[in-house]
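# Commentary on secondary and tertiary structure
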Amino acid sequence: DQQVKQNSPSLSVQEGRISILNCDYTNSMFDYFLWYKKYPAEGPTFLISISSIKDKNEDGRFTVFLNKSAKHLSLHIVPSQPGDSAVYFCAASARNAGNMLTFGGGTRLMVKP
Amino acid sequence: ETGVTQTPRHLVMGMTNKKSLKCEQHLGHNAMYWYKQSAKKPLELMFVYNFKEQTENNSVPSRFSPECPNSSHLFLHLHTLQPEDSALYLCASSQDHHEQYFGPGTRLTVT
């Protein structure tokens, strides 16, 4: 049973618009959440994270929102750029589980010029 | 060289071969990981080493054998693999299990 789910396998957005990638989790013990970006033939690259004590974290064009009651997090990219086209993975960890990461299945984002 | 490096980048092996994947991290981290990424599946954690000691083994078949001689190097020894073991094998490192930094991966094909 997947504890971290990304229900949209792909998303297509026009350049300059907002991209919103969603992630749901089931384990209420998760207390740290991360987003990774992966280009073909490369390993995932850490993008942004958020602790469960916060509901928002912003870094440049990237903002992560956490809704603990809904067990939902989202990544907003604004404005989207063609170079943002990649697969995005969300991941979650729990301090009581040694902070091991559990990954979602990924969402492929395509930003059209 | 910086970050996490993996060699080889591509590997084709027969089911009776023995090969090894190598990972090296230049970040001074104390934990290293092996992950498997199969097509259309989430990243699967295989092994975790913390200060050279194996702390996690996610029910991985014995045909995969990890080795961590020091906190900067991690190997994955492969022996009598099956075609379904074909996947992208990713190495990662972290400091105290927070943000993990990944290598580029080894694309393995078992024929």
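Overview of the structure. Numbering of residues starts from 1 in every chain and runs along the sequence as written. For naming, the first written chain is A and the first written ligand is 1, with later ones following in the order written. The model is predicted, so local features are restricted to residues of pLDDT at least 70 and side-chain atom pairs to those at 80 or more, both for listing and for counting; the totals for chains, interfaces and linings are taken over all residues. Based on all heavy atoms of the structure, the side-chain values leave hydrogens and waters out of the count.

### So, the overall build of chain A
If you tally the helices and strands in chain A, you get 0 helices and 11 strands. At 13 Å, chain A has a C-alpha radius of gyration in line with the 13 Å of a compact globule built from 113 residues. Dimensions of chain A, computed from the C-alpha atoms along their principal axes, are close to 45 × 30 × 20 Å. In the structure as shown, chain A presents an accessible area of about 5500 Å², 49% of it carried by carbon and sulfur atoms. None of His or the chain ends enter the tally, which takes Lys and Arg as positive and Asp and Glu as negative. Just so you know, the charge point we use is NZ for Lys, CZ for Arg, CG for Asp and CD for Glu. Within chain A, one finds 12 positive and 9 negative side-chain charges whose respective centroids are separated by 2 Å. A run of H or I in DSSP counts as a helix once it spans at least four residues, and a run of E counts as a strand once it spans at least two, with each numbered from the N terminus. Taken over C-alpha atoms, the radius of gyration is set against a globule rule of 2.2 Å times the number of residues to the power 0.38. All accessible-area figures derive from a Shrake-Rupley calculation using a 1.4 Å probe, and residue coverage is judged against the displayed protein chains alone.

### Some thoughts on the interface of chain B and chain A
Here, residues are in contact when the closest pair of their heavy atoms is within 4.5 Å. Each partner contributes to the interface: chain B provides 20 residues, whereas chain A provides 19 residues. Buried area: the sum, over both parts, of the accessible surface (1.4 Å probe) that disappears when the two are put together. Each partner contributes to the roughly 1500 Å² buried at the junction of chain B and chain A, and carbon and sulfur atoms together form 63% of this total. Looking at the side of chain B facing chain A, the largest losses of area belong to Pro42, Leu43 and Glu99 of chain B, adding up to 31% of the total buried there. Salt-bridge detection follows one rule: a side-chain nitrogen of Lys or Arg within 4 Å of a carboxyl oxygen of Asp or Glu. There are 0 salt bridges connecting chain B and chain A. Polar contacts here mean pairs of N or O atoms no more than 3.5 Å apart (in protein, one a potential hydrogen donor and the other a potential acceptor; neighbouring residues in sequence count only if both atoms are side-chain atoms). The interface formed by chain B and chain A contains 4 residue pairs in polar contact (both at pLDDT 80 or more). Contributions of two or more residues to the side of chain B that touches chain A are made by β4 (31-37), β5 (44-50), β9 (87-94) and β10 (101-102) of chain B. With 3 residues, β4 of chain B is the largest single contributor of residues to the side of chain B that touches chain A.

### Quick word on the sheet that holds strand β1 (residues 4-7) of chain B
Residue and element names in this part refer to chain B. Paired strands, in this sense, are two strands between which DSSP finds at least two bridges. If you trace the 4 strands from one edge of the open sheet to the other, you get β1-β3-β8-β7, paired in antiparallel fashion. Looking at the sheet topology across the chains shown, the edges are occupied by β1 and β7 (64-70). If you compare each strand with its neighbour and ignore which way they point, the axes differ by 20° on average. One ladder, built from 5 bridges, connects β7 with strand β8 (residues 73-79); its direction is antiparallel. Counterpart to Ser65 in the pairing with β8 is His77. To obtain an axis, a line is fitted to C-alpha atoms, over the contacting stretch when the element is a helix, and the angle between two such axes runs from 0 to 180 degrees between their N-to-C directions.

Just distances and angles here, no functional claims.
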